[in-house]
Amino acid sequence: MTGNKRPHRNTLFVEDVEVRSVTSFPGAQYQLRLHSPKCAAHASPGSFVHLQCEKSILMRRPLSIMRADADQGWIDIFFKIVGDGLNSLGHKKPGDMMSSIGPIGQGFNATPARSRPLLIGGGVGIPPMIFLAETLKNDSHAWQPHVIMGSEIPFPFDAAETSIAHDWLPSNINRTMPLLESWGIPCYLASLSEFPGTYRGYVTDVASEYLKSLTKDELAETEVFSCGPMPMLKAVAELAEQFDLPCQVSLEEYMACGIGGCAGCTVLVQTDAGPAMKRVCVDGPVFKAADVFFAIENG
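Below is a summary of the structure that appears in this document. Predicted model only: the values in this text are computed from it and were never measured.

### Description of the environment of Leu-239
Part 1 of the argument: Residue position: Leu-239 is located in helix H7 (residues 230-242).
Part 2 of the argument: Counting along the chain gives 42 residues from Leu-239 to Gly-197, while the straight-line C-alpha distance between them is 24 Å.
Part 3 of the argument: When sequence neighbours within four positions are dropped, the list of residues in contact with Leu-239 reads Thr-204, Ala-207, Ser-208 and Leu-211.

### Observations concerning the sheet that holds strand E4 (residues 61-69)
Part 1 of the argument: Overall, antiparallel pairing links the 6 strands, which are arranged E1-E2-E5-E4-E3-E6 in a closed barrel. Taking the axes of each pair of neighbouring strands and ignoring which way they run, one obtains an average angle of 45 degrees across the sheet.
Part 2 of the argument: Helix-sheet contacts for helix H2 (residues 83-90) involve strand E1 (13-25), strand E2 (29-35), strand E3 (48-51), E4, strand E5 (74-80) and strand E6 (97-104), and the interaxial angle to E5 is about 130 degrees.
Part 3 of the argument: Along the sheet, helix H3 (residues 126-138) makes contact with E4 and E5, crossing E4 at roughly 25 degrees.

### A word on helix H5 (residues 203-212)
Part 1 of the argument: Extensive coverage of H5 is indicated by the burial of 7 of its 10 residues.
Part 2 of the argument: Within the sequence span of H5, burial applies to Val-203, Thr-204, Val-206, Ala-207, Ser-208, Tyr-210 and Leu-211.

### Things to note about H2
Part 1 of the argument: Among the residues making up H2, those that are buried are Gly-85, Leu-86, Ser-88, Leu-89 and Gly-90.
Part 2 of the argument: On its buried side, H2 packs onto E1, E2, E3, E4, E5 and E6.

### Overview of the environment of Trp-168
Part 1 of the argument: Relative to the elements of secondary structure, Trp-168 occurs in the loop between strand E9 (160-161) and strand E10 (175-176).
Part 2 of the argument: Judged by its relative accessible area of 15%, Trp-168 falls in the buried class.
Part 3 of the argument: As a C-alpha pair, Trp-168 and Ser-213 span 45 residues in sequence and 6.3 Å in three-dimensional space.
Part 4 of the argument: Once residues within four sequence positions are removed from consideration, Trp-168 is found in contact with Tyr-188, Val-206, Glu-209, Tyr-210 and Ser-213.

Cut-off values and rules
- Residues numbered from 1 in each chain as written.
- Predicted model: local features only at pLDDT ≥ 70, side-chain atom pairs only at ≥ 80, totals over all residues.
- Heavy atoms only, no water.
- Helix = DSSP H or I, 4+ residues; strand = E, 2+ residues; numbered from the N terminus.
- Contact = heavy atoms within 4.5 Å.
- Pairing = 2+ DSSP bridges.
- Axes fitted to C-alpha atoms, helices over the stretch in contact; angles between N-to-C directions.
- Buried < 20%, exposed > 50% of the residue type's maximum accessible area, 1.4 Å probe, protein only.

Next up, the structure:
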């Protein structure tokens, strides 16, 4: 099982975290490994940290957790530089210190009866999918995850040719993320930028091809999880509805306080009592897709 089942109170930790490594990728993309033992011990797929990039920059930045190792006390975050705060973060060096609050938010919650989860990530929405995939891999339940990633700038890894067989895509669609490949998890890449070995189209195009290849019994074991920009999430929600599949989405919203106090990141969500405004930071960022998009269309 995955997901944060605890109330958000008394689960947030303020830490001075140390930068352990900085890895840069084309397209102004960066991956930082932070020594953050309290956060690492309590993080779950879909949760995030709120980082103070510089003392001179008052607003913290919310960043999804891509991986976490409770034993070694580190977390990985990934981001694309947009604005001064993230630009400052991209220039951090090993040994630098910064203030962090986390882990924040309610994460993904996979259903054991649906042991064939489909994970769909776009752009900076890819990190939570990696965290979820690794968590499922390490769980005692016999999960069979499949991952689809999309990007219009170079992927933040050297795509490798997969050795995991598939017969529902042309043989030349054969590039994958090496990390997921090493875990034995099938991963398919989509882009309109014509990167070698990737599907030319949207992540939902690949997902549709995959879902159409499944039997009725396999579809009954499938659940969809996704993170990315809102138009992509809406398309994923519509695809899940088309195949009558449960779907959870992690929303990306601008945040100020990041801990539920300012209510600056509220979105309209359908609840049992009717449409209501929910805070993405602590009530989410993960919601049922139908609740989010039903409320948006009918609120």
